[in-house]
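Now for the letters of each chain:
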Amino acid sequence: MKGLTLDEIRGLLPDVPELRPVLDQLLEQSNPDSTRKWAASGLLETAGDRLVDAASLRAAVAGIARAEHEHLERTFHHVAAAVERLSRGDTDGAAGEFLEIAALEEARDRADRAASYADAACGVALDDPVVRSLALRRRGRARLRAGDHKAAFGDYESAHQVALAAGDSQGSAEAAIGAGNVLEEQGRWDAAETWYRRALEPLGVLESAEMWHALLNIHVVMRSKGLVEESLEPLARAEEVASSLGEDSAHVFFENARGQLLMVKHDFSAAIEHFRTAITLAGNARAAVTVRLNLAEALLAAGRPLEATQEARAAEREAIV
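Residues numbered from 1 in each chain as written. Predicted model: local features only at pLDDT ≥ 70, side-chain atom pairs only at ≥ 80, totals over all residues. Heavy atoms only, no water.

Chemist: Please give an account of the packing of helix H10 (residues 209-224) against helix H11 (residues 232-244) that cites residues and values.
Modeler: With their axes 8 Å apart at the nearest point, H10 and H11 run at an angle of 160° to one another. For the element pair H10 / H11, the angle class is roughly antiparallel. The handedness of the crossing between H10 and H11 is left-handed. On H11, the residues touching Met211, Trp212, Leu215, Leu216, Ile218, His219 and Met222 of H10 are Pro234, Leu235, Arg237, Ala238, Val241 and Ala242. (Axes fitted to C-alpha atoms, helices over the stretch in contact; angles between N-to-C directions. Helix = DSSP H or I, 4+ residues; strand = E, 2+ residues; numbered from the N terminus. Parallel < 35°, antiparallel > 145°, perpendicular 65-115°, else oblique. Left-handed = near helix turned anticlockwise from the far one by under 90°. Contact = heavy atoms within 4.5 Å.)

Chemist: Talk me through the packing of aromatic side chains; I want residue IDs and the actual numbers.
Modeler: Evaluation of the coordinates by the stated rule reveals three aromatic pairs. Judged by centre distance (6.1 Å) and plane angle (45°), the rings of Trp212 and Phe253 are tilted. Taken together, the residues span a long stretch of sequence, with Trp212 in helix H10 and Phe253 in helix H12 (residues 251-264) at a distance of 41 residues. With relative accessibility at 3%, the residue Trp212 sits in the buried group. Given a relative accessible area of 41%, Phe253 falls into the partly exposed group. With centroids separated by 5.5 Å and ring planes inclined at 50°, the aromatic side chains of Trp212 and Phe254 adopt a geometry described as tilted. With Trp212 in helix H10 and Phe254 in helix H12, the pair connects residues that are 42 residues apart, well separated along the chain. Side by side, Trp212 and Phe254 carry an identical accessibility label, which is buried. Grouped by ring-pair contacts, the aromatic residues Trp212, Phe253 and Phe254 constitute a single cluster. Lying across the ring of Trp195, Arg198 places its NZ or CZ 4.3 Å from the centre. (Phe/Tyr/Trp six-rings, centres within 6.5 Å; stacked < 30°, edge-to-face > 60°. Buried < 20%, exposed > 50% of the residue type's maximum accessible area, 1.4 Å probe, protein only. Lys NZ or Arg CZ within 6 Å of the ring centre and 35° of its normal.)

Chemist: Quick rundown of the pattern of salt bridges? Include the residues and the values.
Modeler: Oppositely charged side chains can pair when the atoms bearing their charge come close. The full count for this structure, using the stated rule, is 26 salt bridges. Note that Arg237 is salt-bridged to Glu240, the shortest N-O span being 3.4 Å. Of this pair, Arg237 and Glu240 are both found in helix H11, three residues apart, which corresponds to roughly one turn of the helix. By relative accessible area, which is 26% here, Arg237 ends up partly exposed. Here Arg258 and Glu239 are joined by a salt bridge, their closest N and O atoms 2.6 Å apart. Note that Arg258 is positioned in helix H12 and Glu239 in helix H11, a separation of 19 residues in sequence. (Salt bridge = Lys/Arg side-chain N within 4 Å of Asp/Glu carboxyl O.)

Right, here's the structure in full:
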């Protein structure tokens, strides 16, 4: 007998927030429908078409409840601390507590909740402009992940202005990069490049993570606009800055960028090697999924469809888990 799909379970269960972890667990333990494995329609299968493993849910209930309890305990701890700080007039300290909760929700991929707590931080961070800019940036990042581009851009633009006025060079640079990311996600390459270059202005000669982030993004934008040769200098400079800062975690981004650059040049074999190296350097699943999809594209372009399919499936599995 064919089992229930994830979409069928979603339709039967009430749409309440406390069941989100249950649905996440069902997705993590779901399996593709074997009857569609070789069907052409299988190419259009979505996560909702996957079959749930009902038995695995019962075994995982205790762990799900424990994780939720621990998360709520941390959340309530920060809320209580925020109330205490507000009662003493420490509005910036309260903002910091709300931002801690926003970070917890962001780590759980709950962009809407992260935005709500960052919004609370924005509501109380009225004294220190550095704290206010940070709150605006975190709300902007959460709104971007939630897909609200207009609101996210507004937050980053405001955060940039506040940080600039306060002399917070790194904060203003981060805000400008965020604004560029919003525009890049919309394919507005010229405007995105303007904001990435704006991020470099307050930094001057100060080498920082914000500097190599901005330079790498400038490279990506220029490459996407077809300015391949012109994009090489900011990429090389970004690598220099990251290396001088000893940021080993940056290597995955540069290997991935090199792979994409070689894809543009149709050197698919070399691109494949860079992508494979990048996967070994990926520090989290989100980065690994992105690189695996690029690797799958390179393998397909190189005329190796079976390997491309395997990498795409591996990326799909990592994304689900």
